[in-house]
Amino acid sequence: QDGLKQCLAEFEQQLAWVERLDVTLGPVADPVSKSASTSDAVDPENDFQREMSFYRQAQAAVLEALPRLRKLQVPTRRPDDYFAEMAKSDQQMQKIRQKLKSKQEAIERSEKAKQLRAMRKYGKKVQVEILQRRQKEKKNMLNAVKKYQKGLSDKLDFLDEDQTSSQGNKKGSASQRTKKGPNAKRRYKNQKFGFGGKKKSSKWNTKESFNDVSSFQSKVAHNKGPGKGGRGGKGGKKALNKRPGKRARQKMKNRAR
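One structure accompanies this document, and this report is about it. Just so it is clear, the model here is predicted, and its values are computed rather than measured. (Residues numbered from 1 in each chain as written. Predicted model: local features only at pLDDT ≥ 70, side-chain atom pairs only at ≥ 80, totals over all residues. Heavy atoms only, no water.)

### Things to note about the pattern of salt bridges
Here the structure, examined in full by the defined rule, presents two salt bridges. A salt bridge links R20 to D22; the nearest nitrogen and oxygen atoms lie 2.8 Å apart. Overall, D22 belongs to the partly exposed group, its relative accessible area being 41%. With a shortest N-O distance of 2.8 Å, R50 and D47 are connected by a salt bridge. (Salt bridge = Lys/Arg side-chain N within 4 Å of Asp/Glu carboxyl O. Buried < 20%, exposed > 50% of the residue type's maximum accessible area, 1.4 Å probe, protein only.)

### Description of unusual backbone geometry
Of note in the backbone geometry, L21 takes a positive phi value of approximately 55 degrees without being a glycine. Along the chain, the position of L21 falls in the loop between α2 (17-20) and β1 (29-30). A relative accessible area of 47% places L21 in the partly exposed class. At Q73, a residue that is not glycine, the phi angle is positive and equals roughly 60 degrees. Here Q73 is to be found in the loop between α3 (47-71) and α4 (90-150). (Helix = DSSP H or I, 4+ residues; strand = E, 2+ residues; numbered from the N terminus.)

### Overview of the environment of S102
Structurally, S102 can be placed in helix α4. Within the structure, the side chain of S102 is placed 2.7 Å from the backbone oxygen of K99, a separation counted as a polar contact. (Polar contact = N/O pair within 3.5 Å; in protein donor to acceptor, adjacent residues only side chain to side chain.)

Given below as structure tokens:
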């Protein structure tokens, strides 16, 4: 005990409080229970109670020390231009930034992988549902066909449903073709030969075409145009005095005999 007292006397320094700034107080009163919590009431195994006890003890020390510092005209607020040097070096902070960045990238990659797995799982689920629906429709149609063959049913509704579905598919494909349009070869043939349809009696005159004489050309009709045997044409009398064919000449010889 004498040695402890001697050590305590050596630790003690007879200095003013502003040089020591030591404050030893109990915890501040709890605003809920309106009573100061003692050390006996705090469960040391309960982390929350222990930390709250430290917090309230520090709060009591601040409430006691701030008025004394202001009375002694000691500044307690940090200036706006205050520069505090960090305890860690720039190299250590760079390592920490790299570590945090790598963790963030790993989290993003993990989230993307989770999304891809979810999308694949959903796609497989939809594919399985479509296959199951098709198998069910096929099974129902086969059952309906068997019933019809056995004479148990006289309805052919399943054929109508099949036709409507096939027509729907054809319409969808036709709309896709019209959207895409024909290629260059098909367009050339359409321009040259037409688009199909009725070809028999397609050149017969109608009442409107018979009465329409706007395209009539007298020179061409009477062989007066160029190349048709007129005065200025190249044909002339040669075109009119054309030699008859071999069969016609043979007939003429037989008649002469």
